[in-house]
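# Structural overview
Letter by letter, the chains look like this.
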Amino acid sequence: MAEEDEVEVAAPAEVEEEVTDLPGAVKGVLKRALVVDGVIRGLHEVAKHIDASKAQVVFLAESCNEPAYKKLVQGLCLEKNVPLID
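These notes cover the structure that comes with them. These numbers were taken from a predicted model, which means no experiment stands behind them.

With 9 residues, the main nonpolar core is built from Val-46, Ala-47, Ile-50, Val-58, Leu-60, Val-73, Leu-76, Cys-77 and Val-82. Breaking this core down by element, the ones donating at least two residues are helix H3 (43–51) and helix H4 (67–80). In contact with Val-58, not counting residues within four places along its chain, are Ile-50, Val-73, Cys-77, Val-82, Pro-83, Leu-84 and Ile-85.

As a further point, take H3. Among all positions in H3, only Val-46, Ala-47 and Ile-50 are buried. Down the axis of H3, the sector holding all buried residues measures 100°, keeping them to one side. Elements in contact with the buried residues of H3: strand S1 (58–59) and H4. Trailing H3 by a residue or two, Ser-53 shows a phi angle of about 60°, which is positive.

Calculation notes
Residues numbered from 1 in each chain as written. Predicted model: local features only at pLDDT ≥ 70, side-chain atom pairs only at ≥ 80, totals over all residues. Heavy atoms only, no water. Core = buried A, V, L, I, M, F, W, Y, C linked by side-chain atoms within 4.5 Å. Buried < 20%, exposed > 50% of the residue type's maximum accessible area, 1.4 Å probe, protein only. Helix = DSSP H or I, 4+ residues; strand = E, 2+ residues; numbered from the N terminus. Contact = heavy atoms within 4.5 Å. Arc of directions from axis to C-beta.

Given below as structure tokens:
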């Protein structure tokens, strides 16, 4: 009897935006990766992952105004051969 009372509810289908440019595509990929904990943020965490050779690619935020931070991340990426996107 309990089986008859149960009603399956389908999850709403996720509507994907049409991507027409590279920055839009990157933004979408980062948004989906953030949902599944695939993105590391913050200088300390990023530096640890780059140094441990766990980073696959590094995106440097435009809002980063501190030249020392930029230089550190750029140097680590160069040393470990990790692609850096400014």
